[in-house]
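Okay, here's what each chain looks like letter by letter:
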Amino acid sequence: MSANEREFDIVVWGASGFTGQLVAEYLLGRYGVEGSFRWALGGRNELKLDAVRDRLGAAELPLVLGDGTDEDSMRSLAERTRVVCTTVGPYATYGSPLIAACARAGTHYCDLTGELHWIRRMLDAHQETARASGARIVPTCGFDSIPSDLGVYYVQGAAHERYGAPSRHVKCGVAGFSGAMSGGTVASMLHMMEAAEADREIRRIMADPYAINPEGEREGPDGPDHSAPAYDADLGQWTAPFVMAGINTRVVRRSAALRADFYGPGFRYQESMLTGTGAAGALKASGITLGMNAGMAAMALGPLRRAVTPRLPAPGEGPTRQQQEEGYWDLRFWAAPPAGSGARPIQARLRGDRDPGYGSTSKMLGESAVCLAQDHLQSPAGFLTPAAAMGQTLIERLQKNAGVSFEVTG
Ligand SMILES: NC(=O)c1ccc[n+]([C@@H]2O[C@H](COP(=O)([O-])OP(=O)(O)OC[C@H]3O[C@@H](n4cnc5c(N)ncnc54)[C@H](OP(=O)(O)O)[C@@H]3O)[C@@H](O)[C@H]2O)c1
C-alpha cells in the first residue's frame, strides 16, 4: 500500500508510557480525535492502552498492538501508518526493529532518543534504505535536541537577514531550566553508560564531536566537549559543562552538514551552562562542573551505578503535573558576525513554558509528528535532524502551538 493510502497518519507508539501518554494527551487536546489527521495509540499491552484511552476520554481512538522487539510486528506497524512517533525506550534496547521497518516501508519517523551510539548504528545500517523508500527518519525530537537544533537554525536565519551570510560560529548557553527525570530517561541513561563501559567503540563514538555527521564529513574545527569551568566573553558569563551537550552538539553539527547551503563551510558550535558573572558565577561554574563530573564518574562505574539505581525513578514514573506546569527552560544564543565586518553579533533567546523533559518535550514531539504528517516539507528522505527535516515549518508550529518562543534580542 502506498504511504498516502494508509490506515493512519500518525501512530503514537509507546502510548502507555510516561511520556507517550503526555504526547497522546497533547495531540488530543490540540487536534481532537478526528481532526485533520487520523491517529492511533500503539503499544504492547492492550489493557494498559485501554486504560490510557479511558483516562483521556477518547473511546473512538483506535489501538495498534505489537511488540517493539519483533520484526514482523514492527513491519506491520510501519505499513499501517504514514508517521510513527515513538516514545518506546531505551531505544537501543527496543527501537531497532521499528526504525528498520520505517526505513523499508517509506514511513516517516520521529523519536526522543539521546542515545548517540544507537543513532550512529541505525544511520550506518538504514540510511540508504530510507533514502530509497522516501522515509524521513528524525531522531532527537525532544528537549534533546530540538531547542539547540532549531535555535541554531533560527539564528542562522537572522544571520542571513542581518549579514547576508550564515554565521560561522554559534554558541548556546543554557540560562536555566526546572524539571525532573522520568524512569524511562533513567533507564536510557543507564543503558548508555553500561554499553559504553562494555565497548570501547561506543566510547569512541560518544567522544567524537562529529559522530553522526554524514560519512566522509566526520572532521571539522570543533574539538572535545567543554569539560571545565570557563569565562565566556561572548556569552558574557561564566560557564560550566551542560549535561545534554554531548548529544545536542552532534545533532547541530549534522544539521550544519546536511544544510551546508544554509550554515556555510567551517561552521562551529559549542553549548554550555551559564552560571552568572563575578566571583559568584565562577564559584557556581566550579560547583556544577564538580557535581557533574562526580555524577558521570559514578554512573560510569558498574558498582556505583548499581548502588544509585534503586533511588532513581522507575519506568513509568516521572515528574508530577505541577512540576511540569511550573517548569521552564531558557536558552541563549550568540552568533559571530562575518570576520572583519565590524557588525555586531546576533543574540537570541529560546524559552519553553513547561519543564524541559516532559511537559515541553511531549509538545515538541507531538508537533514534529504532525509536521511530518501534514506539512509540505522540502527536505530529502533519509536520516535527518529536526532542523534539516522541518526547519522553519517546525519553528512556526512550536511558536504557535507548543509554548516555545524564539526571539532575537540583540
Ligand atoms: N529527549 C528527551 O528530551 C526525552 C524526554 C523524555 C523521555 N525521553 C526518552 O523517552 C523514552 C521513554 O521514556 P518514558 O519515561 O516515557 O518511559 P516509560 O514510562 O518507561 O515508557 C516506555 C514505554 O515503552 C513501552 N515498551 C517497552 N518495551 C516495549 C516493547 N518491547 N514493545 C512495545 N512497547 C514497549 C512501554 O510499554 P508498557 O507500558 O507496556 O511497559 C511504555 O509504553 C526513554 O528512552 C527516554 O529517555 C527523552
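What you are looking at is a predicted structure, and each value in this text was computed from that prediction instead of being measured.

Asks: Before we go on, may I ask you to explain the site of the ligand in this structure?
Replies: Taken together, 30 residues sit near the ligand, with Ser 16, Thr 19, Asp 144, Ser 182 and Ser 188 positioned nearest. Considered on its own, the ligand offers 940 Å² of accessible surface; in the complex 93% of this is hidden by protein. Those elements that place two or more of their residues in the shell around the ligand are α1 (18–31), α4 (91–94), α8 (183–198) and α15 (356–374). Its residues assigned to classes, the shell around the ligand shows nine nonpolar, 17 polar and four charged. Summarising the domain contributions, the shell around the ligand has at least three residues from each of domain 1 (3–143 + 360–395) and domain 2 (146–359 + 403–408).

Asks: Explanation requested: the pattern of salt bridges in the structure shown.
Replies: Pairing of side chains with opposite charge becomes possible as their charged atoms draw close. As enumerated under the stated definition, the model contains 23 salt bridges in all. Measuring nitrogen to oxygen at the nearest pair gives 2.9 Å for the salt bridge that ties Asp 9 to Arg 82. Of the two residues, Asp 9 is situated in strand β1 (residues 8–13) and Arg 82 in strand β4 (residues 81–86); the sequence distance between them amounts to 73 residues. Residue Arg 82 is classed as buried on the basis of its relative accessible area, which comes to 16%. Between Arg 259 and Asp 261 there is a salt bridge; the shortest N-O distance is 2.9 Å. Owing to a relative accessible area of 22%, Arg 259 belongs among the partly exposed residues under this scheme. For Asp 261, a relative accessible area of 57% corresponds to the exposed category.

Asks: Would you mind showing me how to read the sheet that holds strand β10 (residues 268–276) here?
Replies: By way of backbone hydrogen bonds, the strands of a sheet pair with one another, either parallel or antiparallel. Read across the sheet, seven strands follow the order β8-β9-β10-β7-β11-β12-β14 without closing on themselves; strand pairing throughout is mixed. The open sheet has two edge strands with one neighbour each: β8 (230–232) and β14 (404–408). Strand-to-strand twist in this sheet, taken as the mean axis angle between neighbours without regard to direction, amounts to 35 degrees. With five bridges joining them, strand β12 (residues 346–352) and β14 adopt antiparallel strand pairing. Bridge pairing in β14 links Leu 350 to Phe 406. The strands that helix α7 (residues 146–163) touches are β7 (169–178), β10, β11 (328–335), β12 and β14; relative to β11, the one it contacts most, it runs at about 40 degrees.

Asks: What exactly am I supposed to notice about the packing of α15 against helix α16 (residues 386–401) here?
Replies: Each pair of packed helices can be summarised by the angle the axes make with each other and by the distance between the axes. Close contact between α15 and α16 brings their axes to 10 Å; oriented N to C, the two are set at 130 degrees. Judged by the inter-axis angle, α15 sits oblique to α16. Viewed along their axes, α15 and α16 form a crossing whose handedness is right-handed. Residues Met 364, Glu 367, Ser 368, Val 370, Cys 371, Leu 372 and Gln 374 of α15 pack against Met 390, Thr 393, Leu 394, Arg 397, Leu 398 and Asn 401 of α16. Along the lines of polarity and charge, the residues of the contact of α15 with α16 split into seven nonpolar, four polar and two charged.

Asks: Could you clarify how one ought to interpret the sheet that holds strand β13 (residues 382–383) in this entry?
Replies: Ordered by their spatial adjacency, seven strands build an open sheet running β3-β2-β1-β4-β5-β6-β13, and the pairing between neighbours is parallel. The two strands at the open ends of the sheet, each matched to only one other strand, are β3 (63–65) and β13. Across four bridges, β1 lies against strand β2 (residues 39–43) in parallel orientation. Bridge assignment links Val 11 to a residue of β2, and that residue is Ala 40. This element, α1, spans β1, β2 and β4 of the sheet and lies at about 170 degrees to β2.

Asks: What's the story with the packing of aromatic side chains in this structure? I'm lost.
Replies: Two aromatic rings, taken as a pair, are described by how far apart their centres are and by the angle between their planes. Per the counting criterion, the structure on display carries 11 aromatic pairs. Seen from their ring centres, Tyr 263 and Phe 267 are 5.5 Å apart, and the 90 degrees between their planes marks the pair as edge-to-face. For the pair Tyr 263 and Phe 267, one class covers both residues: buried. Clustering of aromatic rings is evident, with ring pairs tying together Tyr 153, Phe 262, Tyr 263 and Phe 267.

Asks: What am I meant to see in α16 here?
Replies: Between its terminal C-alpha atoms α16 stretches only 17 Å, short of the 22 Å expected from 16 residues at 1.5 Å a residue. Helix geometry: α16 is bent most strongly at Gln 392, by close to 60 degrees. Among all positions in α16, only Pro 386, Ala 387, Ala 388, Ala 389, Met 390, Gly 391, Leu 394, Ile 395, Arg 397, Leu 398 and Asn 401 are buried. Just downstream of α16, Gly 403 is the residue with a positive phi angle, here 70 degrees.

Asks: How do you make sense of the packing of helix α5 (residues 96–105) against helix α6 (residues 116–133) when you look at a structure like this?
Replies: Where α5 meets α6, the axes come as close as 7 Å, and the angle between the chain directions of the two elements is 20 degrees. Here α5 is positioned roughly parallel relative to α6, judged by the angle of their axes. The two elements α5 and α6 meet at a crossing, and its hand is right-handed. Between α5 and α6, the residues in contact are Ser 96, Ile 99, Ala 100, Cys 102, Ala 103, Arg 104 and Ala 105 and Trp 118, Arg 121, Met 122, His 126, Thr 129, Ala 130 and Ser 133, respectively. Considering only residue class, the contact of α5 with α6 consists of eight nonpolar, four polar and two charged.

Asks: Where do I start with the side chain of Ser 145 in this structure?
Replies: With respect to the helices, strands and loops of the structure, Ser 145 is situated in the loop between β6 (136–138) and α7. A distance of 2.7 Å separates a polar atom in the side chain of Ser 145 from a polar atom in the side chain of Asn 248. Residues contacting Ser 145, with those up to four places away along its chain left out, are Thr 140, Ile 247, Asn 248 and Val 251.

Asks: Looking at this structure, how should I read the domain arrangement of the protein chain?
Replies: Think of interface size as the accessible area that goes away when the parts come together; that is how it is often given. Entries for the protein chain in the domain assignment read domain 1 (3–143 + 360–395) and domain 2 (146–359 + 403–408). Each partner contributes to the interface: domain 1 provides 37 residues, whereas domain 2 provides 48 residues. Considering only the surface of domain 1 that becomes buried against domain 2, Phe 18, Leu 116 and Phe 143 emerge as the three largest contributors, covering 24% of it. Our count for the domain 1 to domain 2 interface comes out at three salt bridges. Where Lys 363 meets Asp 353, a salt bridge forms, and the shortest distance between an N and an O atom there is 2.9 Å. For the pair domain 1 and domain 2, the interface holds 16 residue pairs in polar contact (both at pLDDT 80 or more). Sorting the residues of the side of domain 1 that touches domain 2 by element identifies α1, α4, α6, α15 and α16 as the ones contributing at least two each.

So, how was this worked out
Residues numbered from 1 in each chain as written. Predicted model: local features only at pLDDT ≥ 70, side-chain atom pairs only at ≥ 80, totals over all residues. Heavy atoms only, no water. Near = heavy atom within 4 Å. Areas by Shrake-Rupley, 256 points an atom, 1.4 Å probe, with all protein chains shown as cover. Helix = DSSP H or I, 4+ residues; strand = E, 2+ residues; numbered from the N terminus. Nonpolar A, V, L, I, M, F, W, Y, C, P; charged D, E, K, R; others polar. Domains from an automatic or database assignment. Salt bridge = Lys/Arg side-chain N within 4 Å of Asp/Glu carboxyl O. Buried < 20%, exposed > 50% of the residue type's maximum accessible area, 1.4 Å probe, protein only. Pairing = 2+ DSSP bridges. Axes fitted to C-alpha atoms, helices over the stretch in contact; angles between N-to-C directions. Contact = heavy atoms within 4.5 Å. Parallel < 35°, antiparallel > 145°, perpendicular 65-115°, else oblique. Left-handed = near helix turned anticlockwise from the far one by under 90°. Phe/Tyr/Trp six-rings, centres within 6.5 Å; stacked < 30°, edge-to-face > 60°. Expected span 1.5 Å × (residues − 1). Bend = angle between axes of the 7 residues up to and from the residue. Polar contact = N/O pair within 3.5 Å; in protein donor to acceptor, adjacent residues only side chain to side chain. Buried area = accessible area lost by both parts, 1.4 Å probe.

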